[in-house]
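Each chain, letter by letter, is given below.
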Amino acid sequence: MLTDPRFTTEIAITIPFHDVDAMGVVWHGHYLRYMEIAREALLGQFNYGYRQMKDSGYLWPVVDARVKYRAPLTFEQRIRVRASIEEYENRLRIGYRIFDDASGKNTTSGYTIQVAVEQHTQALCFVCPPVLLARLGISL
């Protein structure tokens, strides 16, 4: 099921000057921002971006994140960020891979884990709410 191409998206980014340090290398915290942009594009494919999440009565905080830096990203480098849904039943785990656009080299990998929280009660949901499954086109 998770090999279905509908559960993956890829975006292109050109590294801007304001994301790099004095050595011309992307500051490590910006990688999470690139992943966030890809995550929003992925969830948007299912019409369940952050605005729709909130409108459905659920908040989806990130409770865990991991980034593995394999090669540095630099000013004006063009990259592709791939985001894929890896788990959805009890939590939403999205995996990421960042590639150099010119060479195709994998420079970075990682994941984020989000959990559903009922907006009004702030109660943690131990299984993903039916609205996520419906948006993903998964039968209950």
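In the block above lies the structure referred to throughout.
Computed from a prediction, not measured in an experiment: that's the story for all the values here. Each chain has its residues counted from 1, running along the sequence as written. For a predicted model such as this one, the threshold for reporting local features is a pLDDT of at least 70, and the threshold for listing and counting side-chain atom pairs is 80 or more; totals across whole chains, interfaces and linings nevertheless cover every residue. Side-chain calculation: all heavy atoms of the structure are included, whereas hydrogens and water are not.

Caption draft 1: Summary view of the overall build of the protein chain. Put simply, DSSP marks the helices as runs of H or I at least four residues long and the strands as runs of E at least two long, and each gets a number from the N terminus on. Counting its regular elements, the protein chain contains 3 helices and 7 strands. Put simply, the radius of gyration uses C-alpha atoms, and a globule should come to 2.2 Å times the residue count raised to 0.38. In terms of C-alpha radius of gyration, the protein chain reaches 16 Å, essentially the compact-globule figure of 14 Å for 140 residues. The principal-axis extents of the C-alpha atoms in the protein chain amount to approximately 50 × 30 × 20 Å. Within the span of the protein chain, comprising 140 residues, buried residues form 44% of the whole. We call two residues contacting when some pair of their heavy atoms lies within 4.5 Å. Partitioning the intrachain contacts of the protein chain with sequence separation of at least 6 by distance along the chain shows that 65% fall at a separation of at least 24. A total of about 7,600 Å² of accessible surface is found on the protein chain, and carbon and sulfur atoms cover 55% of it. A positive count includes Lys and Arg, and a negative count includes Asp and Glu. His and the chain ends are not counted in either. We put the charge of a Lys on NZ, of an Arg on CZ, of an Asp on CG and of a Glu on CD. The centroid of the 16 positive side-chain charges in the protein chain is displaced by 3 Å from the centroid of its 15 negative side-chain charges. Buried, partly exposed and exposed residues are distinguished by accessible area as a fraction of the type maximum, computed with a 1.4 Å probe on protein chains only: under 20%, between the cut-offs, and over 50%, respectively. To measure how exposed things are, a 1.4 Å probe is used in the Shrake-Rupley method; for residues, cover is taken only from the protein chains shown.

Caption draft 2: Quick look at unusual backbone geometry. Even without glycine at this site, Asn47 takes up a positive phi of about 55 degrees. Inspection of the secondary structure assignment puts Asn47 in the loop between helix H1 (30–44) and helix H2 (50–55). For Asn47, a relative accessible area of 46% corresponds to the partly exposed category. With phi around 70 degrees, Glu76 is a residue other than glycine that occupies positive phi space. Assignment of secondary structure puts Glu76 in the loop between strand E3 (62–69) and strand E4 (78–87). Owing to a relative accessible area of 57%, Glu76 belongs among the exposed residues under this scheme.

Caption draft 3: Highlighting the environment of Ala65. With respect to the secondary-structure elements, Ala65 resides in strand E3. Once residues within four sequence positions are removed from consideration, Ala65 is found in contact with Leu32, Tyr111 and Thr112.

Caption draft 4: Looking closely at the packing of aromatic side chains. Aromatic pairs are defined between Phe, Tyr and Trp rings, using the six-membered ring for Trp, whenever the two ring centres lie within 6.5 Å; interplanar angles under 30 degrees are classed as stacked, those over 60 as edge-to-face, and all others as tilted. Throughout the structure, instances matching the rule amount to 5 aromatic pairs. When the ring of Phe17 is compared with that of Phe75, the centres are 5.5 Å apart and the planes differ by 80 degrees; the resulting orientation is edge-to-face. Taken as a pair, Phe17 in the loop between strand E1 (8–14) and H1 and Phe75 in the loop between E3 and E4 lie far apart in primary sequence, 58 residues in all. Assessed through its relative accessible area of 36%, Phe75 is described here as partly exposed. Members of the aromatic cluster, joined through ring pairs, are Tyr31, Tyr34 and Tyr69. Over the face of the ring belonging to Tyr111 we find Arg93, whose NZ or CZ atom lies 3.9 Å from the ring centre. Look at NZ for Lys and CZ for Arg. If either is within 6 Å of the ring centre and within 35 degrees of the ring normal, a charge sits over the ring.

Caption draft 5: Examining the sheet that holds E1 more closely. The strand order across the open sheet built from 5 strands is E1-E4-E5-E6-E3, with neighbouring strands paired in antiparallel fashion. Edge positions in the sheet fall to E1 and E3, since each of these pairs with one other strand and no more. Neighbour to neighbour, the strand axes of the sheet diverge by 20 degrees on average, direction disregarded. Lines fitted to C-alpha atoms define the axes here, with helix axes fitted over just the stretch in contact, and angles between the N-to-C directions of these axes take values from 0 to 180 degrees. Strands E1, E3, E4, strand E5 (92–100) and strand E6 (106–114) of the sheet are contacted by H1, whose axis makes an angle of about 135 degrees with E1. We call two strands paired when DSSP finds no fewer than two bridges between them.

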